[in-house]
Amino acid sequence: MSQHGVGPRAITRSVAFLTAGVLAVPALTGCGSEDPAGEPLAAPDIQPAGRDRIADGGTLRWAVDSVPDTLNTFQSDADATTARVAQAVLPSMFRMNADGRLERNPAYLESAKVVETEPKQVVLYKLNQQAVWSDGREIGAADFAAQWRALSGRNTAYWTARNAGYDRIQKIERGDNALEVRVTFSRPYADWRSLFSPLYPKDVMGTPDSFNDGARKKLKVTAGPFTVKKVDHEDDEITLARNPRWWGRPAKLSEIVLRTVPRDKRTAELAAGTLDLAEIDPTAARRITVAAQPRSSGSPVMGPSAERSAADAQETSDEKSAARGKPRTSAVKYTRQQQALRGFEVRKSLEPAFTQLALNGAEGPLADERVRRAVARALDRKELAKAVLKPLGLPAVPVGSHLALSGQAHYADNSGAVGDQDTEEAQALLADAGWVRGGPLKEQKKKDKAKDAEKAAGAEGDKTSGEDNKAHGGQDTADHLAHDGRHYQHPARGSAPGAYAPEGTAAPANRETAPLAKNGKPLTLRFVLPSGPGSQTLRTVADRISRMLERVGIGTDISKVSDESYFKDHIASGQYDLALYSWPATAFPATDARPVYAKPVPAADGSLNIEQNYTRVGTDQVDQLFDEAVSTLDEGKSRSLIRKADSRIWAAAGSIPLFQRPQLIAARKNLVNTGAFGLGTPAYEDMGFLKKGAKAASGPSAKGSAAR
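**Q** Let's hear about the overall build of the protein chain: which residues, and what values?
**A** Assigned secondary structure in the protein chain consists of 19 helices and 26 strands. Buried residues in the protein chain amount to 53% of all 708 residues. Total accessible area on the protein chain stands at roughly 30300 Å², and carbon and sulfur atoms take up 48% of it.

Dropping the structure here:
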């Protein structure tokens, strides 16, 4: 799965509904007694085992994408590895359980609750009396106060990436004793549980210099089951060591080594025995599964035997192709690697993130809401989810919310606000927007063509189009993710009405296949995609989307650009019409998702301040709903407001959630309590290797670690 995603923390059904500027939104889901949040679509798969079955000691070698430039999660260049280190070595007041719900972390908190609402909101934290920093000092109010002052935004000498929530705090003081911390807010804050997770020691947060530079390359003082032993930028690895001052269940592992390994090198590293745990792509997952099982049987990763046969054929083809160059060496190397991979298994779940189709509403055809909604009505989201997830043995269910995932407290399927796939509705919306099938086209000047091409993809862009897709048969190759053994068939044309024209107007030749046009220009959208080897899934999905759009008369020009420039030079700068990228889930959508969907506003220098709203589509009403949701302390009312906001985000059709991202982890078979965590937060102290002769619990864990 491509890693092109962003984080909020570093993130009417027909023309009749669109009259006189009034948008009618269907009644919200969940007005009855049934909880619309539902259950997570997939459980964690971590090979759970009790602690009595786990050996004491050992080193876990875990592949990561990079050694981060900073260990401070509140700085702009923090990345996923920064967050992983913080989870293992720093306090977190709350964490996510396997259902994606927030829960108190008992290692640090005895309790935390709102004790006053008038005249000000006051939250009282009661800390675990055993909680201490690795230097022996008790965790207390001084650490909370230092973090608040650093992140409040009042002192610009602190180079912070965000201050949401901390800017609402009025004061922090000690309670009745050293274990109590009283936090008083100047304004009500519904997402107060998002604060102080992670919590850094006052040594890091106390001064601008220590905040800006003190935690970039090292963390001297920590308070988790592990400490940061070494950050080695030459060997590209971070070593975490067991914390002797940890007061909770002692870590089973002696060390965790986070090693930078490119994704296309991980299968070889696993086979070489230099890794124990690694996130992998579907191709690597297929290879590991094939190695572990008899070739005549099906597998949970490959799906039915028909799909398995296609994969086996591809494996055999790849092996023969390699063998032609080096007949004996290639075959021997491949066989040895497959034998080594038998010691691994694929653990799979769904990531706490979803892939979406982004529609740039700043200019061009997609500035018209009717065209955006037509794109949404043209998509068969169930088919797209099925293409990506079914071959992996994962639930192929489309995501129904922009602001939460199934099982999370704020989730409700609000996709009805834009409607399901309906070709006739999509065509009617386009006709109402003035796009006529078979209309006259103006000859575009060469100069304008070159300008458009450069704008769409830059100098490195590799362009194809919907017509190019047809020329290649309009089908997925064996290398594409679906591996479904079927060719995609275009539906018969001519059965759906096109645009409306005056009665008696003669139909142009080949009207059914002619492109939609308006003001002499065809309706063709620039679809920008990354070109790297890890982006095959996105390109497969894009091909299917292009064919779906083609059915309603919308053309696409696909531009493949380098991974390095994809987000910075295209998504963030607005040089696209359509794009695919991911957003992570959050337990705090009122805080974290607001900048993603906020209405862009003009900045003082005349530019447009879009925050993280890369689609440039937003409304005052959505902003107001977010503001109300984050300011009410009634949790039920806040959830209702978030769901209303989501319904209106769907209706504006700036982005279309497609599917929850697959999470595929290669793990050594005797490694337990780790793997594909799904929505849950890892318990690092429970990870380890089974004792000789011991067995783990059978099947994937539904509720995280089984350690006791």
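**Q** Describe the side chain of Thr 73, with residues and values.
**A** By the element assignment, Thr 73 lies in the loop between β3 (59-64) and α1 (80-89). Owing to a relative accessible area of 12%, Thr 73 belongs among the buried residues under this scheme. Setting aside residues no more than four positions away along its own chain, Thr 73 makes contact with Ala 78, Thr 82, Ala 83, Ala 86, Arg 162, Pro 198 and Tyr 200.

**Q** Can you explain α1? Please cite residues and give values.
**A** Along α1, the residues classified as buried are Thr 81, Thr 82, Val 85, Ala 86, Ala 88 and Val 89. Considered in projection along α1, the buried side chains sweep an arc of 165° and stay on one side of the axis. Looking at the buried positions of α1, the neighbouring elements they touch are β3, β10 (226-232), β11 (237-242) and β12 (255-260). At the N-terminal end of α1, a side-chain oxygen is found 3.0 Å from the backbone nitrogen of Thr 81, two or three residues along, and the residue is Asp 79.

**Q** Before we move on, can you summarise the environment of Val 123 with the specific residues and values?
**A** Mapped onto the elements of the fold, Val 123 is located in strand β7 (residues 122-127). Among the residues examined, Val 123 registers a relative accessible area of 0% and is labelled buried. In this view, Val 123 contacts Lys 113, Val 114, Val 181, Arg 182, Val 183, Phe 185 and Trp 192; residues no more than four positions away in its chain are not counted.

**Q** Tell me about the packing of helix α10 (residues 381-389) against helix α14 (residues 536-551), residues and numbers included.
**A** Orientation of α10 relative to α14, taken along the N-to-C sense of each, is 155°, at an axis distance of 11 Å. Classified by the angle their axes make, α10 and α14 are roughly antiparallel. The way α10 lies across α14 gives a crossing that is right-handed. Contacts between α10 and α14 involve Glu 383, Leu 384, Ala 387 and Val 388 on the former and, on the latter, Thr 537, Val 541, Arg 544, Ile 545 and Met 548. Broken down by class, the residue content of the contact of α10 with α14 amounts to 6 nonpolar, 1 polar and 2 charged.

**Q** An account of the environment of Glu 255 is needed here, citing residue identities and associated values.
**A** Considering the arrangement of structural elements, one finds Glu 255 in strand β12. Separated by 14 residues in the primary sequence, Glu 255 and Ala 241 have C-alpha atoms spaced 4.5 Å apart. Leave out the neighbours within four places in its chain, and Glu 255 touches Gly 58, Thr 59, Leu 60, Phe 226, Lys 229, Thr 239, Leu 240 and Ala 241. A polar atom in the side chain of Glu 255 sits 2.7 Å from the side chain of Lys 229.

**Q** Lay out the pairing of strand β9 (residues 180-185) with the relevant residues and their values.
**A** Counted residue by residue, β9 has 5 buried out of 6 residues, so it is predominantly covered. In this structure, β7 lies alongside β9, joined through 5 bridges in antiparallel fashion. Residue pairing across strands places Val 123 opposite Val 183, the latter belonging to β9. Bridging between strand β8 (residues 169-174) and β9 involves 5 bridges; their strand directions are antiparallel. Bridge assignment links Ile 172 to a residue of β9, and that residue is Val 183.

**Q** Describe the nonpolar core, with residues and values.
**A** Counting residues in each nonpolar core, the largest one holds 101 residues, and the members touching the most others are Tyr 125, Phe 196 and Leu 240. Here this core gets 7 residues from one element, more than from any other, and that element is helix α2 (residues 141-151). Setting aside residues no more than four positions away along its own chain, Phe 196 makes contact with Pro 91, Ser 92, Met 93, Tyr 125, Phe 144, Gln 147, Tyr 166, Ile 169, Ile 172 and Val 183. Membership of the second largest hydrophobic core comes to 62 residues, among which are Ala 42, Ala 291, Leu 523 and Leu 538.

**Q** Help me get a handle on the pattern of salt bridges, residues and values and all.
**A** Summed over the entire model, instances satisfying the criterion amount to 31 salt bridges. Salt-bridge contacts for Arg 370 lead to Asp 432; the nearest nitrogen and oxygen are separated by 3.0 Å. With Arg 370 in helix α9 (residues 369-378) and Asp 432 in helix α11 (residues 423-432), the pair connects residues that are 62 residues apart, well separated along the chain. Taking the relative accessible area as the measure of exposure, Arg 370 reaches 25% and is therefore partly exposed. Given the relative accessible area of 35%, Asp 432 is considered partly exposed. With its nearest N and O atoms 2.8 Å apart, the salt bridge here joins Asp 627 to Arg 594. Taken together, the residues Asp 627 in helix α18 (residues 620-631) and Arg 594 in helix α17 (residues 594-597) connect sequence positions 33 residues apart. According to the relative accessible area criterion, Asp 627 is partly exposed, its value standing at 35%.

**Q** Run through the sheet that holds β9, naming residues and quoting values.
**A** In spatial order, the strands read β6-β7-β9-β8; together these 4 strands make up an open sheet with antiparallel pairing. What marks the edges here is a single partner per strand, and that holds for β6 (109-116) and β8. Direction aside, neighbouring strands of the sheet carry axes that sit 15° apart on average. Pairing of β6 with β7, which is carried by 6 bridges, proceeds in the antiparallel orientation. Bridge pairing links Ala 112 to Tyr 125 in β7.

**Q** Which residues make up the side chain of Gln 147, and what values go with them?
**A** Looking at where Gln 147 falls in the secondary structure, it is placed in helix α2. Judged by its relative accessible area of 0%, Gln 147 falls in the buried class. Beyond its immediate chain neighbours, meaning those up to four positions away, Gln 147 contacts Phe 74, Tyr 166, Phe 196, Pro 198, Leu 199, Tyr 200 and Met 205.

Conventions we followed
Residues numbered from 1 in each chain as written. Predicted model: local features only at pLDDT ≥ 70, side-chain atom pairs only at ≥ 80, totals over all residues. Heavy atoms only, no water. Helix = DSSP H or I, 4+ residues; strand = E, 2+ residues; numbered from the N terminus. Buried < 20%, exposed > 50% of the residue type's maximum accessible area, 1.4 Å probe, protein only. Areas by Shrake-Rupley, 256 points an atom, 1.4 Å probe, with all protein chains shown as cover. Contact = heavy atoms within 4.5 Å. Arc of directions from axis to C-beta. Polar contact = N/O pair within 3.5 Å; in protein donor to acceptor, adjacent residues only side chain to side chain. Axes fitted to C-alpha atoms, helices over the stretch in contact; angles between N-to-C directions. Parallel < 35°, antiparallel > 145°, perpendicular 65-115°, else oblique. Left-handed = near helix turned anticlockwise from the far one by under 90°. Nonpolar A, V, L, I, M, F, W, Y, C, P; charged D, E, K, R; others polar. Pairing = 2+ DSSP bridges. Core = buried A, V, L, I, M, F, W, Y, C linked by side-chain atoms within 4.5 Å. Salt bridge = Lys/Arg side-chain N within 4 Å of Asp/Glu carboxyl O.

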